[in-house]
Amino acid sequence: MTTTPTPPLRYVYAVCRPFDGVLPEGAAGITGEPPRLLHHGGLVAVVDAVPAEEFDEGPLRARLEDLDWLSATARGHDTVVASLTAVTSPLPLRLATVCRDDSGVRRLLDEGRDRFVRALERLDGRVEWGVKVHARKEAAAGPRAPAGAPSGAVGGREYLRRRLRERDGREEARRRAEEVGRELHGRLSAYAEATAVHPPQDPRLTGDADAVNVLNAAYLVTRERAEGFVALVGEVAESDGVRVELTGPWAAYSFAGIAEAAEPEPGAEPEPGAGPAGRGTGAAGPEPSGPAPEASGAVSRPGGAREGAA
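Rules of the game
- Residues numbered from 1 in each chain as written.
- Predicted model: local features only at pLDDT ≥ 70, side-chain atom pairs only at ≥ 80, totals over all residues.
- Heavy atoms only, no water.
- Phe/Tyr/Trp six-rings, centres within 6.5 Å; stacked < 30°, edge-to-face > 60°.
- Helix = DSSP H or I, 4+ residues; strand = E, 2+ residues; numbered from the N terminus.
- Buried < 20%, exposed > 50% of the residue type's maximum accessible area, 1.4 Å probe, protein only.
- Pairing = 2+ DSSP bridges.
- Axes fitted to C-alpha atoms, helices over the stretch in contact; angles between N-to-C directions.
- Contact = heavy atoms within 4.5 Å.
- Salt bridge = Lys/Arg side-chain N within 4 Å of Asp/Glu carboxyl O.
- Core = buried A, V, L, I, M, F, W, Y, C linked by side-chain atoms within 4.5 Å.

Engineer: Any chance you could explain the packing of aromatic side chains here in plain terms?
Structural biologist: For any pair of aromatic rings, the description rests on two quantities: the centre-to-centre distance and the angle between the ring planes. Taken as a whole and judged by the stated rule, the model has six aromatic pairs. Taking 4.8 Å as the distance between ring centres and 55° as the angle between the ring planes, the aromatic pair formed by tyrosine 11 and tyrosine 13 counts as tilted. Measuring from ring centre to ring centre gives 5.5 Å for phenylalanine 55 and tryptophan 69, while their planes differ by 50°; the resulting arrangement is tilted. Taken together, the positions of phenylalanine 55 in helix H1 (residues 52-55) and tryptophan 69 in helix H3 (residues 67-85) put the pair 14 residues apart, joining distant regions of the chain. For phenylalanine 55, a relative accessible area of 3% translates into the label buried. Here tryptophan 69 falls in the buried class, since its relative accessible area comes to 11%. By the ring-pair criterion, three or more aromatic residues cluster together here, those being Tyr11, Tyr13, Phe55 and Trp69.

Engineer: Looking at this structure, how should I read the sheet that holds strand E7 (residues 194-197)?
Structural biologist: In a beta sheet, neighbouring strands are held together by backbone hydrogen bonds and run either parallel or antiparallel to one another. One open sheet holds the four strands; their spatial order is E7-E8-E6-E9, and the pairing between them is antiparallel. What marks the edges here is a single partner per strand, and that holds for E7 and strand E9 (242-250). Neighbour to neighbour, the strand axes of the sheet diverge by 20° on average, direction disregarded. Examined bridge by bridge, strand E6 (residues 126-136) and strand E8 (residues 211-222) share 11 bridges and lie antiparallel to one another. Looking across to E8, one finds that histidine 134 is bridged to asparagine 213. The strands touched by helix H8 (residues 226-234) within the sheet are E6, E8 and E9, with E6 carrying the most contacts at an inclination of about 5°.

Engineer: Before we go on, may I ask you to explain the pattern of salt bridges in this structure?
Structural biologist: Pairing is possible between side chains of opposite charge, provided their charged atoms come close. Within the structure shown, the criterion is met by 10 salt bridges. Among the salt bridges present, the one from arginine 36 reaches aspartate 102, with a minimum N-O distance of 2.8 Å. Of this pair, arginine 36 sits in strand E2 (residues 36-40) while aspartate 102 sits in helix H4 (residues 102-111), and the two are 66 residues apart along the sequence. The shortest N-O distance in the salt bridge between glutamate 235 and arginine 187 comes to 2.7 Å. Note that glutamate 235 is positioned in the loop between H8 and E9 and arginine 187 in helix H6 (residues 153-191), a separation of 48 residues in sequence. Judged by its relative accessible area of 52%, glutamate 235 is exposed.

Engineer: Mind showing me how you'd approach the nonpolar core here?
Structural biologist: What tends to happen in soluble globular proteins is that the nonpolar side chains get buried as a cluster. Judged by nonpolar contacts, the single largest core of 24 residues is most densely connected at Val12 and Phe255. Looking at this core element by element, the count peaks at four residues for helix H5 (residues 113-123). In contact with valine 12, not counting residues within four places along its chain, are Ala45, Val46, Val47, His77, Leu93, Thr97, Cys99, Val105 and Leu108.

Structure representation (structure tokens):
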């Protein structure tokens, strides 16, 4: 008995306005092949044909529990969105937004048209920058205590004093880093068009267990002001116990849901989309987000992790 192969599904990376030219070379997505541009009603969906064996509802639920698969998929997703950022201002969609076929993609564009258009207008000519401020745990703590406490009474007192100095040093380094973070965020917020403050980043995701993240923020900045924004970050002198990290420019992942809220004032903090603690949230890269509509006949939405139309 011959089994009819299941037709591939459509993975949607982003929505954008029509643009001149093509995606830069190397814009291979999660399948290893360049994505396709599907034009419909004045919008463009950036799509890939993906196997139903991986991306249909049942298989996808299992795949989302596989961290290696999830990491590779997120990297492929971000590669495409980053390539789009070089030629236009894309609206990233959630990771694993999947439609049944091209007709489903067109329905996705039709049903979300108003929100897509508002968001694209708001993001046009703008990029996202990420800024993190870290406190170094050991920088102000002094010499590390020996592995075990000395046995003598005098030695025991000295051991306790050393432990107290370490604790006080860590607290002082954190206070200093938090002060730097507050001042820097205030200056950057006044410079940017919008900001999003994300939860502190887990040091296990950065591989730097000796650093404590005290500021993890994203800033929406016009391309014309990007050079000045970078210079502003560079003016903050790093000192013992404080490390400042700048990443970007990125597609506006943190502001993909910006069309859902009222037009923000400069420096305001809109409700971010479902994703990211800025850039570099882990090996998987950013977690895309966006205002993909709740369309009828969606392939699936396991755990709220994806949206789409059939």
